[in-house]
Amino acid sequence: SQTIHQWPATLVQPVGSPLSLECTVEGTSNPNLYWYRQAAGRGLQLLFYSVGIGQISSEVPQNLSASRPQDRQFILSSKKLLLSDSGFYLCAWRAPTIPNEKLFFGSGTQLSVL
Amino acid sequence: AQRVTQPEKLLSVFKGAPVELKCNYSYSGSPELFWYVQYSRQRLQLLLRHISRESIKGFTADLNKGETSFHLKKPFAQEEDSAMYYCALSSGYALNFGKGTSLLVTP
């Protein structure tokens, strides 16, 4: 069966420090991968998605970047964190090419930038 | 541009009362709409999708293209329905969510 792993679960980082959040999916190949941010009062905001290795689409301009070095690995990064980067980050995957297919979400990372 | 609007941040109802969580969308093509739910201390998960025309946990949602709505309804709310509900619109590869409605069912 398919599983999605996301870590760390919580992270406290100072302003200006780098960030790396990792997400891996098991039990499927060539998934569509997504990074969302859940911020207070703003709901779920799509940050990045990827339909293949090395392919990244950015939905909003920001201080963050994403990479997909392997088929089932999706990384969210920042060179210098801002206070506004605080939030709950969710990774998700979806089977490709199947209409109306649902998203499977990871357990999330609570990031606090101080 | 595609957009999902959930006008209510919080909805509080009594157990046994009907509940309707509103969702309106803006999309130029043929929409694919979903409702996701997040119970306390659980992962966000799919509740239902419009294409299936299904009833899950007593919830239904009908796509109304004329009103561009996909409201979630349940005739008799239960305490275990208390959760965060998100309406979502699929456009190509991306799935865009509304801001969510927190449903609180009180005894």
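Residues numbered from 1 in each chain as written. Chains lettered and ligands numbered in written order. Predicted model: local features only at pLDDT ≥ 70, side-chain atom pairs only at ≥ 80, totals over all residues. Heavy atoms only, no water.

### Quick look at the confidence of the model for chain A
- Taken over all residues, the pLDDT of chain A has a mean of 91, while the share at 70 or more is 96%.
- When pLDDT is averaged over each helix and strand of chain A, the minimum, 91, is found for strand β5 (residues 43-52) of chain A and the maximum, 97, for strand β8 (residues 73-78) of chain A. (pLDDT = per-residue confidence, 0-100. Helix = DSSP H or I, 4+ residues; strand = E, 2+ residues; numbered from the N terminus.)

### Side note on the layout of surface pockets
- A volume near 300 Å³ is recorded for the largest pocket.
- What lines the largest pocket is a set of 13 residues, among which R42, L44 and Q45 of chain A together with N96 and F97 of chain B lie closest to the centre.
- For the lining of the largest pocket, the elements supplying multiple residues, two or more each, are β5 of chain A together with β1 (3-5) and β10 (94-97) of chain B.
- If you tally residues by element for the lining of the largest pocket, the top one is β5 of chain A, at 3 residues.
- Each residue belonging to the lining of the largest pocket can be placed in one class, and the counts come to 5 nonpolar, 4 polar and 4 charged. (1 Å grid on protein atoms, 1.4 Å probe; cavity = no way out; pocket = protein on both sides within 12 Å on 5 of 7 lines; lining within 4 Å. Points joined across faces, edges and corners; volume = space filled by probe spheres on them. Nonpolar A, V, L, I, M, F, W, Y, C, P; charged D, E, K, R; others polar.)

### Description of the interface of chain A and chain B
- Between chain A and chain B, the residue contacts involve 21 residues of the former and 20 residues of the latter.
- Taken together, both faces of the contact between chain A and chain B bury some 1800 Å²; the carbon and sulfur share is 52%.
- Taken together, the links from chain A to chain B amount to 0 salt bridges.
- Of all the elements in the fold, those that place two or more residues in the side of chain A that touches chain B are β4 (32-39) and β5 of chain A. (Contact = heavy atoms within 4.5 Å. Buried area = accessible area lost by both parts, 1.4 Å probe. Salt bridge = Lys/Arg side-chain N within 4 Å of Asp/Glu carboxyl O.)

### Notes on the state of the cysteines
- Counted under the stated rule, the structure contains 2 disulfides over all chains.
- With a sulfur-sulfur separation of 2.0 Å, C23 of chain A is cross-linked through a disulfide to C91 of chain A. With the S-S bond torsion at -75 degrees, the cross-link from C23 of chain A to C91 of chain A turns out left-handed. In this pair, C23 of chain A is assigned in strand β3 (residues 19-26) and C91 of chain A in strand β9 (residues 87-94), connecting sequence segments 68 residues apart.
- With relative accessibility at 0%, the residue C91 of chain A sits in the buried group.
- Each disulfide pairs two cysteine sulfurs, and for C23 of chain B the partner residue is C87 of chain B, the sulfurs being separated by 2.0 Å. Handedness here is read from the sign of the S-S torsion; for C23 of chain B and C87 of chain B, about -65 degrees, the answer is left-handed. In this pair, C23 of chain B sits in the loop between β3 (19-21) and β4 (24-26) while C87 of chain B sits in strand β9 (residues 83-91), placing the two residues 64 residues apart along the sequence. Taken individually, C23 of chain B and C87 of chain B each receive the classification buried, so the pair is uniform in this respect. (Disulfide = S-S within 2.5 Å. Buried < 20%, exposed > 50% of the residue type's maximum accessible area, 1.4 Å probe, protein only.)

### Quick word on the pattern of salt bridges
- Applying the stated criterion across every chain, the model contains 5 salt bridges over all chains.
- Linking R37 of chain A and D85 of chain A is a salt bridge whose minimum nitrogen-to-oxygen distance equals 3.9 Å. You can see R37 of chain A sitting in strand β4 and its partner D85 of chain A sitting in the loop between β8 and β9, a full 48 residues away along the chain. Like R37 of chain A, the residue D85 of chain A is buried in the burial classification.
- In this structure, the salt-bridge partner of E20 of chain B is K22 of chain B, at a minimum N-O distance of 2.7 Å.
- What makes K22 of chain B partly exposed here is its relative accessible area of 29%.
- It is possible to trace a salt-bridge network through shared partners that takes in E20, K22 and K73 of chain B.

### So, the nonpolar core
- With 24 residues, the main nonpolar core has W35, L47, L48, F70, L72 and Y85 of chain B as its most contacted residues.
- Residue assignment for this core shows that the elements contributing at least two residues are β2 (10-14), β3, β5 (32-38), β6 (45-49), β9 and β11 (101-106) of chain B.
- If one sorts the elements of this core by residue count, β9 of chain B sits on top with 4 residues.
- Of all hydrophobic cores here, the second largest spans 21 residues; its members include C23, V25, C91 and W93 of chain A. (Core = buried A, V, L, I, M, F, W, Y, C linked by side-chain atoms within 4.5 Å.)

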